Amino acid sequence: MQMKNMNDPFYRHSGRFGPVGMMIMLGLGAASGIVSGAIYGALIYWSPIIYLNLIGTIGAGFATGGAVYLGAVIGKVRSPIFCGLGGVIAGCAALWAAWVGWIYAYSAHGDTAVILLKPCYIWNTMAAIGREGVWGFVSSNPVKGLELYGIWIVEAVTIVGGAAYIAYVRVLGKPFCERCRRWAGKKTTLPELRPPQNARVLDGLLTGDVSGILTLGCGREGGVHIQVEVRGCGTCDETHIANISVVAESIDKKGNTETKTTHLVKNLRLSAADYQALLELKGF
Ligand SMILES: [Zn+2]
């Protein structure tokens, strides 16, 4: 697959993965989703602080997505789409566990603690809560009906969507060396380069031509510089993937330094010769 893409100046994942890798990704994601979901469910029952609950909702989604990403890295799943789908599955597991945890905490506060695992029982309980309401922003006026369903939908989208988003984006931004069957995790940040005077340098970059970048000297001009960040395989000399940005620093009215980063190109393949030439720019 990678051979087919060799003429493409930009790196794209091969989309490859094996059944074992997929199981590792889903297993780790779902296990983490169940643990973080159950903790989150109990937390939102006990916590009266709405901001803490909101942070918990986002945290449960992101922690689950992070575990899917970790599983994808261990299992070498090079398909961002399948990682995103893995995030959806693990996110659903987190949401289910959140309801199990919440119902347990709620019932434990009453007469008998119950653990409802079957989704149909949880669904029936949700329907009953939706009709009556059991909590409210004002204690005398419980939230119920459409307002409560709306909150649940936002919560579900945050957890499931957050898990899918994190898993997708993190894998998308991590190149893989198909030749050595390992992630290209060796990061090298090259010296700051002066911004080009000629627009053709930037135009060339968009088509994968880095020769213009090689003519820039080290340093910055007017607080502006070009930043080249390369991720390499570390084992072979074949995979060097560059992200190139313009970084502009300015001082605001209060005297604070503001940094604005504009990405020019992402995931640009560098030949071994171009990578070496970029490293040698340090000598300018
Ligand atoms: Zn390699």
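Residues numbered from 1 in each chain as written. Predicted model: local features only at pLDDT ≥ 70, side-chain atom pairs only at ≥ 80, totals over all residues.

A.B. asks: Would you mind showing me how to read the pairing of strand β6 (residues 257–269) here?
C.D. replies: For a regular strand, side chains alternate in direction, first toward one face of the sheet and then toward the other. Note: strand β5 (residues 240–251) against β6, 10 bridges, orientation antiparallel. In the strand pairing of β6, isoleucine 251 is matched with threonine 257. Taken together, β5 and the strand that follows it, β6, pair antiparallel across an intervening segment of 5 residues, in which glycine 255 is found at a positive phi of about 90 degrees. (Pairing = 2+ DSSP bridges. Helix = DSSP H or I, 4+ residues; strand = E, 2+ residues; numbered from the N terminus.)

A.B. asks: I'm lost on the domain arrangement of the protein chain in this one. Help?
C.D. replies: Interfaces are frequently sized by the accessible area removed from exposure as the parts join. Domain assignment breaks the protein chain into domain 1 (2–174) and domain 2 (183–283). Placing the centre of domain 1 and that of domain 2 at their C-alpha centroids yields a distance of 37 Å. Counting residues at the interface gives 5 residues for domain 1 and 7 residues for domain 2. Classifying every residue of the side of domain 1 that touches domain 2 gives 4 nonpolar, no polar and 1 charged. (Domains from an automatic or database assignment. Contact = placed C-beta atoms within 7 Å. Nonpolar A, V, L, I, M, F, W, Y, C, P; charged D, E, K, R; others polar.)

A.B. asks: In this structure, what is going on with the packing of helix α4 (residues 80–109) against helix α6 (residues 145–172)? I would like to understand it.
C.D. replies: In helix packing, the relevant descriptors are the interaxial angle and the interaxial distance, both defined with respect to the helix axes. Here α4 crosses α6 at 150 degrees, and the two axes come no closer than 7 Å. Put simply, α4 runs roughly antiparallel to α6. Seen from above, α4 lies across α6 with right-handed handedness. Contact residues: Pro80, Cys83, Gly84, Gly86, Gly87, Val88, Ala90, Gly91, Cys92, Ala94 and Leu95 in α4; Ala156, Ile159, Val160, Ala163, Ala164, Ile166, Ala167, Tyr168, Val171 and Leu172 in α6. A per-class count over the contact of α4 with α6 returns 17 nonpolar, 4 polar and no charged. (Axes fitted to C-alpha atoms, helices over the stretch in contact; angles between N-to-C directions. Parallel < 35°, antiparallel > 145°, perpendicular 65-115°, else oblique. Left-handed = near helix turned anticlockwise from the far one by under 90°.)

A.B. asks: How should I be thinking about the sheet that holds β5 in this particular structure?
C.D. replies: Sheet strands pair by backbone hydrogen bonding; their relative direction is either parallel or antiparallel. Taken in spatial order, the 4 strands make up an open sheet running β3-β4-β5-β6, and their pairing is antiparallel. In this open sheet, the two edge strands, each paired with only one partner strand, are β3 (186–189) and β6. Between one strand axis and the next, the sheet turns by 20 degrees as a mean value, whatever way the strands run. Where β3 lies against strand β4 (residues 224–232), 4 bridges are found, and the strand directions are antiparallel. Within β4, the position partnered with threonine 188 by the bridge is valine 230.

A.B. asks: Mind showing me how you'd approach the nonpolar core here?
C.D. replies: Generally speaking, a soluble globular protein has its nonpolar side chains buried in company with each other. Val68, Ala72, Cys83, Ala94, Ala98, Ala163 and Ala167 are the most contacted members of the largest nonpolar core, which totals 38 residues. Elements supplying a minimum of two residues to this core: α2 (19–46), α3 (50–75), α4 and α6. If one sorts the elements of this core by residue count, α4 sits on top with 13 residues. Residues contacting alanine 163, with those up to four places away along its chain left out, are Gly33, Gly61, Thr64, Gly65, Val68, Gly87, Ala90, Gly91 and Ala94. In terms of nonpolar packing, the next biggest core, distinct from the first, is built from 21 residues, Ala184, Ala242, Ile244 and Leu278 among them. (Core = buried A, V, L, I, M, F, W, Y, C linked by C-beta atoms within 7 Å. Buried ≥ 20, exposed ≤ 12 C-beta atoms within 10 Å, placed from the backbone.)

A.B. asks: Just checking my understanding: could you explain the environment of glycine 219 for this structure?
C.D. replies: When you line up the elements, glycine 219 lands in the loop between α7 (199–206) and β4. Once the C-alpha coordinates of glycine 219 and asparagine 267 are considered, the two residues, 48 residues apart in sequence, prove to be 23 Å apart. Those residues in contact with glycine 219 that lie beyond four places of it in its chain are Glu192 and Arg194.

A.B. asks: Whenever I open this one, unusual backbone geometry confuses me. Can you help?
C.D. replies: As a rule of thumb, non-glycine residues mostly have phi less than zero, and peptide bonds are mostly trans rather than cis. One non-glycine residue, arginine 181, lies in the positive phi region at around 55 degrees. Among the secondary structure elements, arginine 181 is positioned in the loop between β1 (176–177) and β2 (182–183). Looking at arginine 181, the number of C-beta atoms within 10 Å reads 10, which means it is exposed. With phi around 60 degrees, asparagine 267 is a residue other than glycine that occupies positive phi space. Relative to the helices and strands, asparagine 267 is located in strand β6. We classify asparagine 267 as partly exposed; it has 17 C-beta atoms within 10 Å.

A.B. asks: So what exactly am I meant to see when it comes to the pairing of β4 here?
C.D. replies: Judged from the 9 bridges that link them, β4 and β5 form a sheet pairing that is antiparallel. Looking at the pairing, glycine 232 lines up with histidine 240 of β5.

A.B. asks: Where do I start with the packing of α2 against α3 in this structure?
C.D. replies: Where α2 contacts α3, the axes come no closer than 7 Å and their chain directions differ by 165 degrees. Taken together, the axis directions place α2 and α3 in an arrangement best described as roughly antiparallel. In the packing of α2 onto α3, the handedness of the crossing is right-handed. Partitioned by chemical class, the residues of the contact of α2 with α3 number 15 nonpolar, 12 polar and no charged.

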